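The chain contents come next:
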Amino acid sequence: MSRRYDSRTTIFSPEGRLYQVEYAMEAIGNAGSAIGILSKDGVVLVGEKKVTSKLLQTLTSTEKMYKIDDHVACAVAGIMSDANILINTARVQAQRYTFSYQEPMPVEQLVQSLCDTKQGYTQFGGLRPFGVSFLFAGWDKNYGFQLYMSDPSGNYGGWKAAAVGANNQAAQSMLKQDYKDDISREEAVQLALKVLSKTMDSTSLTSEKLELAEIFLSSSGKVKYQVCTPDDLGKMLVKYGVTQPPAEA
Amino acid sequence: MECVFGMVGKGFALVVADTSAVNSILVHKSNEDKIMVLDSHKLMGASGEAGDRAQFTEYVQKNVALYQYRNGIPLTTKAAANFMRGELATALRKNPYMVNIVLAGHDKETGPSLYFIDYIATLHKVDKAAFGYGSYFALSMMDRHYHPNMTVDEAVKLADQCIEEIRSRLVVAPQNFVIKIVDKDGAREHSWRRTTKD
(Lines give C-alpha, C1' and ligand atoms only; values in the text may rest on other atoms or scores of the structure.)
Protein backbone atom coordinates (compact mmCIF):
# COMPACT_ATOMS: atom_id res chain seq x y z
CA MET A 1 0.00 0.00 0.00
CA SER A 2 2.70 2.45 0.92
CA ARG A 3 4.73 1.40 -2.12
CA ARG A 4 2.79 3.83 -4.22
CA TYR A 5 4.35 6.72 -2.36
CA ASP A 6 7.91 5.44 -2.19
CA SER A 7 9.40 6.29 -5.48
CA ARG A 8 8.90 10.03 -5.38
CA THR A 9 11.14 11.52 -2.70
CA THR A 10 9.38 14.79 -2.44
CA ILE A 11 5.86 13.80 -1.59
CA PHE A 12 4.18 12.87 1.67
CA SER A 13 2.46 9.55 2.21
CA PRO A 14 -1.15 9.61 3.39
CA GLU A 15 0.05 9.04 6.94
CA GLY A 16 2.24 12.10 6.65
CA ARG A 17 5.59 10.33 6.32
CA LEU A 18 8.46 10.89 3.94
CA TYR A 19 9.35 7.35 2.99
CA GLN A 20 12.55 8.07 1.13
CA VAL A 21 13.94 9.89 4.13
CA GLU A 22 13.06 6.97 6.35
CA TYR A 23 14.60 4.50 3.93
CA ALA A 24 17.76 6.59 3.92
CA MET A 25 17.91 6.25 7.69
CA GLU A 26 17.45 2.49 7.27
CA ALA A 27 20.49 2.41 5.03
CA ILE A 28 22.51 4.15 7.71
CA GLY A 29 21.32 1.68 10.29
CA ASN A 30 23.26 -0.98 8.44
CA ALA A 31 26.47 1.00 8.20
CA GLY A 32 29.45 1.15 10.53
CA SER A 33 28.65 2.95 13.77
CA ALA A 34 30.17 6.14 15.10
CA ILE A 35 30.04 7.63 18.57
CA GLY A 36 30.73 11.17 19.71
CA ILE A 37 31.19 12.36 23.28
CA LEU A 38 31.50 15.95 24.51
CA SER A 39 33.86 16.50 27.44
CA LYS A 40 34.83 19.67 29.20
CA ASP A 41 38.21 19.85 27.49
CA GLY A 42 37.43 18.39 24.09
CA VAL A 43 35.24 16.26 21.86
CA VAL A 44 35.92 12.60 21.11
CA LEU A 45 34.79 10.80 17.94
CA VAL A 46 35.11 7.05 17.49
CA GLY A 47 34.10 5.11 14.39
CA GLU A 48 33.80 1.47 13.45
CA LYS A 49 35.45 0.64 10.18
CA LYS A 50 33.64 -1.76 7.91
CA VAL A 51 36.41 -2.11 5.38
CA THR A 52 39.28 -3.87 7.08
CA SER A 53 41.95 -5.36 4.97
CA LYS A 54 45.68 -5.47 5.37
CA LEU A 55 45.92 -4.10 1.85
CA LEU A 56 44.16 -0.84 2.78
CA GLN A 57 46.45 2.19 3.19
CA THR A 58 45.55 3.18 6.71
CA LEU A 59 48.02 6.02 6.93
CA THR A 60 46.65 8.09 4.07
CA SER A 61 43.00 7.20 3.91
CA THR A 62 40.34 7.61 6.51
CA GLU A 63 36.96 6.00 6.33
CA LYS A 64 35.06 7.62 9.16
CA MET A 65 36.68 10.89 10.22
CA TYR A 66 37.06 14.02 8.15
CA LYS A 67 38.33 17.50 8.86
CA ILE A 68 35.96 20.19 7.64
CA ASP A 69 37.93 23.23 8.78
CA ASP A 70 40.68 23.89 11.30
CA HIS A 71 38.15 23.97 14.10
CA VAL A 72 35.52 21.44 12.95
CA ALA A 73 35.66 17.74 12.12
CA CYS A 74 33.03 15.09 11.53
CA ALA A 75 32.41 11.38 11.81
CA VAL A 76 30.34 9.71 9.13
CA ALA A 77 27.89 6.81 9.07
CA GLY A 78 26.22 5.62 5.90
CA ILE A 79 26.91 5.65 2.18
CA MET A 80 30.49 6.85 1.77
CA SER A 81 30.07 8.35 -1.67
CA ASP A 82 27.14 10.46 -0.46
CA ALA A 83 29.22 11.50 2.52
CA ASN A 84 32.04 12.75 0.32
CA ILE A 85 29.72 15.13 -1.51
CA LEU A 86 28.36 16.55 1.71
CA ILE A 87 31.78 16.85 3.30
CA ASN A 88 32.96 18.83 0.31
CA THR A 89 29.86 21.04 0.54
CA ALA A 90 30.54 21.64 4.22
CA ARG A 91 34.16 22.53 3.50
CA VAL A 92 33.16 25.02 0.84
CA GLN A 93 30.57 26.59 3.12
CA ALA A 94 33.15 26.98 5.88
CA GLN A 95 35.66 28.61 3.57
CA ARG A 96 33.04 30.86 2.01
CA TYR A 97 32.17 32.14 5.48
CA THR A 98 35.81 32.76 6.32
CA PHE A 99 36.23 34.54 2.98
CA SER A 100 33.40 36.92 3.83
CA TYR A 101 34.03 37.48 7.51
CA GLN A 102 37.72 36.59 7.99
CA GLU A 103 36.74 34.50 10.99
CA PRO A 104 36.10 30.79 11.50
CA MET A 105 32.48 29.81 10.91
CA PRO A 106 30.63 29.11 14.16
CA VAL A 107 30.05 25.36 14.42
CA GLU A 108 26.28 25.51 14.71
CA GLN A 109 26.01 27.75 11.67
CA LEU A 110 28.04 25.26 9.64
CA VAL A 111 25.85 22.37 10.72
CA GLN A 112 22.72 24.41 10.05
CA SER A 113 23.94 25.38 6.60
CA LEU A 114 24.70 21.77 5.67
CA CYS A 115 21.37 20.60 7.03
CA ASP A 116 19.59 23.22 4.93
CA THR A 117 21.27 21.64 1.92
CA LYS A 118 20.12 18.18 3.01
CA GLN A 119 16.58 19.42 3.58
CA GLY A 120 16.43 20.64 0.00
CA TYR A 121 16.72 17.05 -1.17
CA THR A 122 13.60 16.14 0.79
CA GLN A 123 11.44 18.86 -0.65
CA PHE A 124 12.28 19.62 -4.28
CA GLY A 125 14.39 18.57 -7.21
CA GLY A 126 13.19 14.98 -7.36
CA LEU A 127 16.57 13.69 -6.15
CA ARG A 128 16.89 11.15 -3.38
CA PRO A 129 18.11 12.23 0.05
CA PHE A 130 21.71 11.63 1.14
CA GLY A 131 22.16 8.33 2.95
CA VAL A 132 24.50 9.75 5.60
CA SER A 133 24.33 10.75 9.21
CA PHE A 134 27.00 13.00 10.65
CA LEU A 135 28.49 13.66 14.04
CA PHE A 136 30.06 17.14 13.93
CA ALA A 137 32.64 18.01 16.57
CA GLY A 138 34.15 21.46 16.85
CA TRP A 139 35.12 24.48 18.90
CA ASP A 140 34.24 28.14 18.52
CA LYS A 141 34.58 31.16 20.72
CA ASN A 142 30.83 31.50 21.28
CA TYR A 143 29.99 28.14 22.80
CA GLY A 144 33.30 26.35 23.23
CA PHE A 145 33.30 22.63 22.42
CA GLN A 146 30.20 21.33 20.71
CA LEU A 147 28.84 18.08 19.32
CA TYR A 148 26.04 17.95 16.74
CA MET A 149 24.24 15.02 15.12
CA SER A 150 22.47 15.38 11.79
CA ASP A 151 20.48 12.92 9.69
CA PRO A 152 19.14 12.64 6.12
CA SER A 153 16.01 14.62 6.92
CA GLY A 154 18.11 17.70 7.58
CA ASN A 155 17.30 17.75 11.28
CA TYR A 156 20.12 18.36 13.68
CA GLY A 157 20.60 18.62 17.40
CA GLY A 158 23.33 19.51 19.86
CA TRP A 159 24.33 16.57 22.01
CA LYS A 160 26.50 15.71 24.98
CA ALA A 161 26.92 12.20 23.64
CA ALA A 162 25.48 10.66 20.49
CA ALA A 163 25.70 7.56 18.34
CA VAL A 164 24.89 6.94 14.68
CA GLY A 165 25.00 3.90 12.45
CA ALA A 166 24.50 0.25 13.38
CA ASN A 167 23.14 -0.44 16.87
CA ASN A 168 22.95 3.26 17.59
CA GLN A 169 20.00 2.87 19.91
CA ALA A 170 21.86 0.41 22.13
CA ALA A 171 24.90 2.67 22.08
CA GLN A 172 22.78 5.73 22.87
CA SER A 173 21.18 4.11 25.93
CA MET A 174 24.58 2.94 27.18
CA LEU A 175 25.91 6.46 26.79
CA LYS A 176 22.91 7.82 28.66
CA GLN A 177 23.69 5.58 31.61
CA ASP A 178 27.39 6.22 31.86
CA TYR A 179 27.82 9.83 30.73
CA LYS A 180 28.61 12.43 33.40
CA ASP A 181 28.50 16.17 32.75
CA ASP A 182 32.02 16.85 33.98
CA ILE A 183 33.64 14.00 32.09
CA SER A 184 37.25 14.60 31.06
CA ARG A 185 38.56 13.97 27.55
CA GLU A 186 40.46 10.86 28.64
CA GLU A 187 37.39 9.45 30.36
CA ALA A 188 35.36 10.25 27.27
CA VAL A 189 37.77 8.24 25.11
CA GLN A 190 37.49 5.36 27.51
CA LEU A 191 33.69 5.53 27.54
CA ALA A 192 33.48 5.77 23.76
CA LEU A 193 35.72 2.74 23.25
CA LYS A 194 33.84 0.78 25.88
CA VAL A 195 30.44 1.51 24.37
CA LEU A 196 31.62 0.82 20.84
CA SER A 197 33.21 -2.47 21.83
CA LYS A 198 29.92 -3.59 23.35
CA THR A 199 27.75 -2.60 20.41
CA MET A 200 30.00 -3.73 17.59
CA ASP A 201 29.04 -7.00 15.97
CA SER A 202 32.52 -8.28 15.32
CA THR A 203 34.03 -11.03 17.40
CA SER A 204 37.43 -9.48 17.85
CA LEU A 205 38.17 -5.84 18.51
CA THR A 206 41.49 -4.61 17.27
CA SER A 207 42.81 -1.21 16.41
CA GLU A 208 42.38 -1.90 12.69
CA LYS A 209 38.64 -1.91 13.08
CA LEU A 210 38.42 1.48 14.75
CA GLU A 211 39.16 5.11 14.08
CA LEU A 212 39.54 7.58 16.92
CA ALA A 213 39.79 11.35 16.63
CA GLU A 214 39.81 14.12 19.20
CA ILE A 215 39.22 17.84 19.03
CA PHE A 216 40.84 19.84 21.80
CA LEU A 217 42.76 23.05 22.47
CA SER A 218 46.53 22.81 22.29
CA SER A 219 48.70 24.52 24.89
CA SER A 220 48.92 27.60 22.66
CA GLY A 221 45.12 27.86 22.58
CA LYS A 222 44.65 26.73 18.99
CA VAL A 223 42.07 24.10 18.08
CA LYS A 224 43.65 20.75 17.28
CA TYR A 225 42.11 17.86 15.39
CA GLN A 226 44.07 14.70 16.01
CA VAL A 227 43.46 11.24 14.60
CA CYS A 228 44.88 8.52 16.78
CA THR A 229 47.56 6.33 15.20
CA PRO A 230 46.76 2.61 14.98
CA ASP A 231 49.59 1.83 17.43
CA ASP A 232 48.38 4.28 20.05
CA LEU A 233 44.87 3.04 19.55
CA GLY A 234 45.98 -0.52 20.10
CA LYS A 235 47.71 0.46 23.34
CA MET A 236 44.60 2.30 24.51
CA LEU A 237 42.40 -0.69 23.83
CA VAL A 238 44.63 -2.85 25.97
CA LYS A 239 44.83 -0.19 28.68
CA TYR A 240 41.08 0.16 28.98
CA GLY A 241 40.59 -3.55 28.83
CA VAL A 242 38.27 -3.54 25.86
CA THR A 243 40.37 -5.39 23.39
CA GLN A 244 39.53 -8.92 22.54
CA PRO A 245 42.35 -10.85 20.95
CA PRO A 246 41.66 -12.18 17.44
CA ALA A 247 40.77 -15.85 17.43
CA GLU A 248 43.87 -17.89 16.87
CA ALA A 249 43.53 -19.92 13.68
CA MET B 1 33.74 68.95 1.10
CA GLU B 2 32.56 66.14 3.37
CA CYS B 3 34.72 65.11 6.28
CA VAL B 4 34.59 61.96 8.34
CA PHE B 5 37.32 61.03 10.79
CA GLY B 6 37.81 58.78 13.79
CA MET B 7 40.24 57.55 16.42
CA VAL B 8 40.66 54.84 19.03
CA GLY B 9 41.08 55.68 22.71
CA LYS B 10 41.30 53.70 25.93
CA GLY B 11 38.31 51.37 25.86
CA PHE B 12 36.41 53.42 23.27
CA ALA B 13 36.41 54.62 19.68
CA LEU B 14 35.27 58.00 18.40
CA VAL B 15 33.80 58.92 15.00
CA VAL B 16 33.28 62.51 13.89
CA ALA B 17 31.43 63.54 10.74
CA ASP B 18 30.25 66.76 9.20
CA THR B 19 26.49 67.10 8.89
CA SER B 20 26.08 69.00 5.63
CA ALA B 21 24.00 67.68 2.72
CA VAL B 22 25.20 69.57 -0.34
CA ASN B 23 24.23 69.64 -4.02
CA SER B 24 26.58 71.76 -6.14
CA ILE B 25 26.35 75.20 -4.52
CA LEU B 26 23.21 74.54 -2.50
CA VAL B 27 23.24 73.30 1.09
CA HIS B 28 20.12 71.16 1.47
CA LYS B 29 20.49 70.80 5.20
CA SER B 30 23.19 71.12 7.82
CA ASN B 31 21.99 68.51 10.28
CA GLU B 32 22.33 65.35 8.20
CA ASP B 33 23.46 62.46 10.41
CA LYS B 34 26.09 60.53 8.49
CA ILE B 35 27.18 58.28 11.34
CA MET B 36 24.91 55.28 11.33
CA VAL B 37 24.54 53.07 14.39
CA LEU B 38 25.14 49.65 12.88
CA ASP B 39 24.21 47.66 15.95
CA SER B 40 24.43 48.09 19.69
CA HIS B 41 28.24 48.33 19.63
CA LYS B 42 29.18 49.58 16.17
CA LEU B 43 29.27 52.97 14.48
CA MET B 44 29.70 53.59 10.80
CA GLY B 45 30.61 57.08 9.57
CA ALA B 46 30.08 57.29 5.81
CA SER B 47 30.88 59.94 3.21
CA GLY B 48 30.45 60.06 -0.54
CA GLU B 49 27.65 60.00 -3.11
CA ALA B 50 24.51 60.66 -1.06
CA GLY B 51 22.31 58.02 -2.64
CA ASP B 52 25.01 55.36 -2.47
CA ARG B 53 25.80 56.32 1.11
CA ALA B 54 22.23 55.79 2.28
CA GLN B 55 21.75 52.65 0.20
CA PHE B 56 24.96 50.92 1.17
CA THR B 57 24.90 51.79 4.86
CA GLU B 58 21.32 50.65 5.23
CA TYR B 59 22.08 47.46 3.32
CA VAL B 60 24.95 46.68 5.67
CA GLN B 61 22.91 47.56 8.73
CA LYS B 62 20.09 45.22 7.72
CA ASN B 63 22.47 42.39 6.93
CA VAL B 64 24.17 42.80 10.29
CA ALA B 65 20.77 42.68 11.98
CA LEU B 66 19.76 39.60 9.94
CA TYR B 67 22.91 37.79 11.00
CA GLN B 68 22.06 38.45 14.62
CA TYR B 69 18.48 37.24 14.24
CA ARG B 70 19.55 34.11 12.38
CA ASN B 71 22.42 33.12 14.60
CA GLY B 72 21.66 34.60 17.99
CA ILE B 73 25.08 36.22 18.24
CA PRO B 74 26.27 39.60 16.95
CA LEU B 75 28.99 39.96 14.35
CA THR B 76 32.36 41.11 15.61
CA THR B 77 33.60 44.46 14.34
CA LYS B 78 36.24 42.68 12.28
CA ALA B 79 33.66 40.40 10.68
CA ALA B 80 31.38 43.33 9.87
CA ALA B 81 34.28 45.27 8.36
CA ASN B 82 35.29 42.35 6.18
CA PHE B 83 31.71 41.75 5.12
CA MET B 84 31.44 45.39 4.03
CA ARG B 85 34.71 45.22 2.18
CA GLY B 86 33.52 42.09 0.37
CA GLU B 87 30.31 43.78 -0.75
CA LEU B 88 32.22 46.81 -2.01
CA ALA B 89 34.70 44.57 -3.80
CA THR B 90 31.94 42.56 -5.50
CA ALA B 91 30.19 45.71 -6.69
CA LEU B 92 33.42 47.35 -7.76
CA ARG B 93 33.78 45.84 -11.22
CA LYS B 94 30.18 46.46 -12.19
CA ASN B 95 28.49 49.15 -10.16
CA PRO B 96 30.81 50.63 -7.57
CA TYR B 97 29.39 52.16 -4.43
CA MET B 98 30.95 55.61 -4.11
CA VAL B 99 31.07 55.50 -0.32
CA ASN B 100 33.96 55.85 2.09
CA ILE B 101 33.48 54.45 5.57
CA VAL B 102 35.06 54.72 8.98
CA LEU B 103 33.81 51.78 11.06
CA ALA B 104 34.23 51.91 14.83
CA GLY B 105 33.23 49.11 17.13
CA HIS B 106 33.69 47.66 20.57
CA ASP B 107 33.88 43.91 21.17
CA LYS B 108 33.94 42.29 24.59
CA GLU B 109 36.95 40.12 23.84
CA THR B 110 39.08 42.53 21.82
CA GLY B 111 38.03 46.01 22.99
CA PRO B 112 37.66 49.02 20.68
CA SER B 113 38.70 48.94 17.03
CA LEU B 114 38.60 51.27 14.03
CA TYR B 115 38.53 50.33 10.34
CA PHE B 116 39.22 52.46 7.27
CA ILE B 117 37.20 51.23 4.27
CA ASP B 118 37.30 53.22 1.06
CA TYR B 119 35.11 53.04 -2.03
CA ILE B 120 37.45 50.70 -3.91
CA ALA B 121 37.29 48.18 -1.08
CA THR B 122 40.51 48.99 0.69
CA LEU B 123 40.37 47.75 4.25
CA HIS B 124 42.76 48.79 6.99
CA LYS B 125 42.54 48.33 10.72
CA VAL B 126 43.84 51.60 12.16
CA ASP B 127 44.09 53.81 15.23
CA LYS B 128 43.10 56.97 13.39
CA ALA B 129 41.41 57.49 10.04
CA ALA B 130 39.98 60.32 7.95
CA PHE B 131 38.17 60.84 4.62
CA GLY B 132 37.46 63.87 2.46
CA TYR B 133 39.25 67.20 2.02
CA GLY B 134 39.11 67.56 5.78
CA SER B 135 41.37 64.54 6.05
CA TYR B 136 44.39 66.63 5.09
CA PHE B 137 43.89 68.69 8.21
CA ALA B 138 42.45 66.02 10.51
CA LEU B 139 45.18 63.46 9.84
CA SER B 140 47.94 66.02 10.32
CA MET B 141 46.41 67.17 13.59
CA MET B 142 45.98 63.58 14.78
CA ASP B 143 49.50 62.65 13.71
CA ARG B 144 50.79 65.45 15.87
CA HIS B 145 48.61 65.05 18.95
CA TYR B 146 47.30 61.48 19.01
CA HIS B 147 48.72 58.98 21.47
CA PRO B 148 47.42 55.52 22.38
CA ASN B 149 45.05 55.07 25.35
CA MET B 150 43.64 58.60 25.34
CA THR B 151 40.76 59.35 27.67
CA VAL B 152 37.41 60.42 26.25
CA ASP B 153 38.12 64.03 27.19
CA GLU B 154 41.52 64.00 25.51
CA ALA B 155 40.06 62.43 22.37
CA VAL B 156 37.17 64.89 22.17
CA LYS B 157 39.65 67.73 22.68
CA LEU B 158 41.71 66.38 19.77
CA ALA B 159 38.55 66.06 17.67
CA ASP B 160 37.78 69.68 18.45
CA GLN B 161 41.24 70.71 17.36
CA CYS B 162 40.70 68.87 14.07
CA ILE B 163 37.30 70.51 13.57
CA GLU B 164 38.82 73.93 14.30
CA GLU B 165 41.54 73.32 11.75
CA ILE B 166 39.01 72.21 9.13
CA ARG B 167 36.81 75.23 9.84
CA SER B 168 39.58 77.73 9.54
CA ARG B 169 41.58 76.25 6.66
CA LEU B 170 39.12 74.53 4.30
CA VAL B 171 37.64 76.93 1.75
CA VAL B 172 34.07 75.65 1.89
CA ALA B 173 34.14 74.15 5.34
CA PRO B 174 31.09 72.32 6.66
CA GLN B 175 29.16 74.27 9.25
CA ASN B 176 28.23 71.60 11.77
CA PHE B 177 29.73 68.36 13.03
CA VAL B 178 28.47 65.44 15.08
CA ILE B 179 30.60 63.31 17.41
CA LYS B 180 29.59 59.76 18.24
CA ILE B 181 31.30 57.33 20.59
CA VAL B 182 31.27 53.56 21.09
CA ASP B 183 32.54 51.75 24.19
CA LYS B 184 31.62 48.76 26.33
CA ASP B 185 28.28 50.34 27.14
CA GLY B 186 27.33 50.71 23.52
CA ALA B 187 27.25 53.13 20.62
CA ARG B 188 25.72 56.56 21.15
CA GLU B 189 25.78 60.19 20.11
CA HIS B 190 28.28 62.22 22.12
CA SER B 191 27.75 65.82 21.07
CA TRP B 192 27.36 68.31 18.22
CA ARG B 193 29.57 71.18 17.16
CA ARG B 194 27.40 73.84 15.55
CA THR B 195 28.00 77.16 13.89
CA THR B 196 24.51 77.34 12.39
CA LYS B 197 21.10 76.25 13.57
CA ASP B 198 19.01 74.37 10.98
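Parameters at a glance
Residues numbered from 1 in each chain as written. Chains lettered and ligands numbered in written order. Predicted model: local features only at pLDDT ≥ 70, side-chain atom pairs only at ≥ 80, totals over all residues. Heavy atoms only, no water. UniProt positions renumbered as here; feature names shortened; annotations may be inferred. Helix = DSSP H or I, 4+ residues; strand = E, 2+ residues; numbered from the N terminus. Rg over C-alpha atoms; globule rule 2.2 N^0.38 Å. Buried < 20%, exposed > 50% of the residue type's maximum accessible area, 1.4 Å probe, protein only. Contact = heavy atoms within 4.5 Å. Lys, Arg positive; Asp, Glu negative; His and termini not counted. Charge placed at Lys NZ, Arg CZ, Asp CG, Glu CD. Polar contact = N/O pair within 3.5 Å; in protein donor to acceptor, adjacent residues only side chain to side chain. Pairing = 2+ DSSP bridges. Axes fitted to C-alpha atoms, helices over the stretch in contact; angles between N-to-C directions. Salt bridge = Lys/Arg side-chain N within 4 Å of Asp/Glu carboxyl O. Arc of directions from axis to C-beta. Buried area = accessible area lost by both parts, 1.4 Å probe. Nonpolar A, V, L, I, M, F, W, Y, C, P; charged D, E, K, R; others polar.

Per an unreviewed UniProt entry, the recorded name for chain B is Proteasome subunit beta, and the organism is Deinandra increscens subsp. villosa.

Under an unreviewed UniProt entry, chain A has the name Proteasome subunit alpha type and belongs to Deinandra increscens subsp. villosa. Quoted verbatim from the Function (unreviewed entry) heading of the UniProt record, the comment on chain A is "The proteasome is a multicatalytic proteinase complex which is characterized by its ability to cleave peptides with Arg, Phe, Tyr, Leu, and Glu adjacent to the leaving group at neutral or slightly basic pH. The proteasome has an ATP-dependent proteolytic activity." Recorded under Subunit (unreviewed entry), the UniProt text for chain A is reproduced unchanged: "The 20S proteasome core is composed of 28 subunits that are arranged in four stacked rings, resulting in a barrel-shaped structure. The two end rings are each formed by seven alpha subunits, and the two central rings are each formed by seven beta subunits."

*Asks:* If you had to explain the overall build of chain A to someone new, which residues and values would you point to?
*Replies:* Each helix and strand in chain A was counted, giving six helices and 10 strands. Radius of gyration (C-alpha) of chain A: 18 Å, near the 18 Å computed for a compact globule of 249 residues. Projected onto the principal axes, the alpha-carbon positions of chain A cover approximately 55 × 50 × 40 Å. Counting all 249 residues of chain A, 51% fall into the buried class. Taking the contacts inside chain A whose residues are at least 6 apart along the sequence as the reference set, 61% of them involve residues at least 24 apart. Across chain A, the mean location of the 26 positive side-chain charges is 2 Å away from that of the 27 negative side-chain charges.

*Asks:* Let's hear about the side chain of K34(B): which residues, and what values?
*Replies:* Residues and elements named next belong to chain B. Following the sequence through the fold, K34 ends up in the loop between β4 (26–29) and β5 (35–39). Among the polar contacts made by the side chain of K34, one reaches the side chain of D18 at a distance of 3.0 Å. Non-local contacts of K34, meaning those with residues more than four positions away in its chain, are made with E2, A17, D18, T19, S20, M44, G45, A46 and R53.

*Asks:* Go over the sheet that holds strand β10 (residues 128–131) of chain B with me, naming the residues and quoting the values.
*Replies:* Think of a sheet as strands paired side by side through backbone hydrogen bonds, with each pair either parallel or antiparallel. Residues and elements named next belong to chain B. One open sheet accounts for five strands, arranged β10-β1-β2-β11-β12; its pairing is antiparallel. At either end of the open sheet lies a strand with only one pairing partner, and these are β10 and β12 (186–193). The sheet shows a mean angle of 15° between the axes of neighbouring strands, taken without regard to direction. The pairing of strand β2 (residues 12–18) with strand β11 (residues 177–183) spans seven bridges and is antiparallel. Across the sheet, residue F12 finds its bridge partner in β11, namely D183. The strands that helix α3 (residues 134–145) touches are β1 (4–8) and β10; relative to β10, the one it contacts most, it runs at about 165°.

*Asks:* Now, about the pattern of salt bridges: what can you tell me, with residues and values included?
*Replies:* For the structure shown, the criterion picks out 21 salt bridges over all chains. In this structure, D181(A) engages K160(A) in a salt bridge whose closest nitrogen and oxygen atoms are separated by 3.1 Å. Placement of the pair is D181(A) in the loop between α4 (168–178) and α5 (185–199) and K160(A) in the loop between β7 (156–158) and β8 (161–164), with a sequence separation of 21 residues. The salt bridge involving E186(A) is made with K239(A); its shortest N-O contact spans 3.8 Å. A residue pair is termed long-range when its members are at least 10 positions apart, and E186(A) in helix α5 and K239(A) in helix α6 (residues 230–239) qualify at 53 residues. In this structure, E186(A) and K239(A) share a single accessibility class: exposed. Each of E2(B), D18(B) and K34(B) takes part in salt bridges that share partners, so that together they form one network.

*Asks:* Can you explain unusual backbone geometry? Please cite residues and give values.
*Replies:* With phi around 55°, N167(A) is a residue other than glycine that occupies positive phi space. In this structure, N167(A) sits in the loop between β8 and α4. If you check the backbone angles, N149(B) has positive phi at about 60° while not being a glycine. Note that N149(B) resides in the loop between α3 and α4 (152–169).

*Asks:* Let's hear about the sheet that holds β8(A): which residues, and what values?
*Replies:* All names here are of chain A. Across the sheet, five strands lie side by side as β8-β1-β2-β9-β10; this open sheet has antiparallel pairing. Every other strand in the sheet has two partners, leaving β8 and β10 (223–227) as the edge strands with one partner each. Taking each pair of neighbouring strands and ignoring which way they run, the sheet shows an average axis angle of 10°. With four bridges joining them, strand β1 (residues 34–39) and β8 adopt antiparallel strand pairing. Paired with I35 across the two strands is A163, which belongs to β8.

*Asks:* Mind laying out α4(A), listing which residues take part and the relevant values?
*Replies:* All names here are of chain A. The set of residues buried in α4 consists of A171, M174 and L175. Buried residues of α4, seen end-on, are gathered within an arc of 100° and therefore sit on one face of the element. The exposed set on the far side of α4, more than 90 degrees from its buried face, consists of Q169, K176 and Q177. Of the surrounding elements, those touching the buried residues of α4 are β1, β8 and α5.

*Asks:* Which residues make up the interface of chain B and chain A, and what values do they have?
*Replies:* Contact residues are listed per partner, giving nine residues for chain B and 11 residues for chain A. Taken over both partners, the interface formed by chain B and chain A buries close to 910 Å², and the fraction arising from carbon and sulfur atoms is 51%. Summed over the three residues of chain B that lose the most area to chain A, namely Y67(B), I73(B) and N82(B), the buried surface amounts to 40% of that side. At the junction of chain B and chain A, the tally comes to zero salt bridges. Summed over the shared surface of chain B and chain A, the result is five residue pairs in polar contact (both at pLDDT 80 or more). Broken down by secondary-structure element, the contributors of at least two residues to the side of chain B that touches chain A are α1 (50–71) and α2 (77–92) of chain B. In terms of residue count, α2(B) provides more of the side of chain B that touches chain A than any other element does, four residues in total. Of the residues in the side of chain B that touches chain A, the class split is five nonpolar, three polar and one charged.

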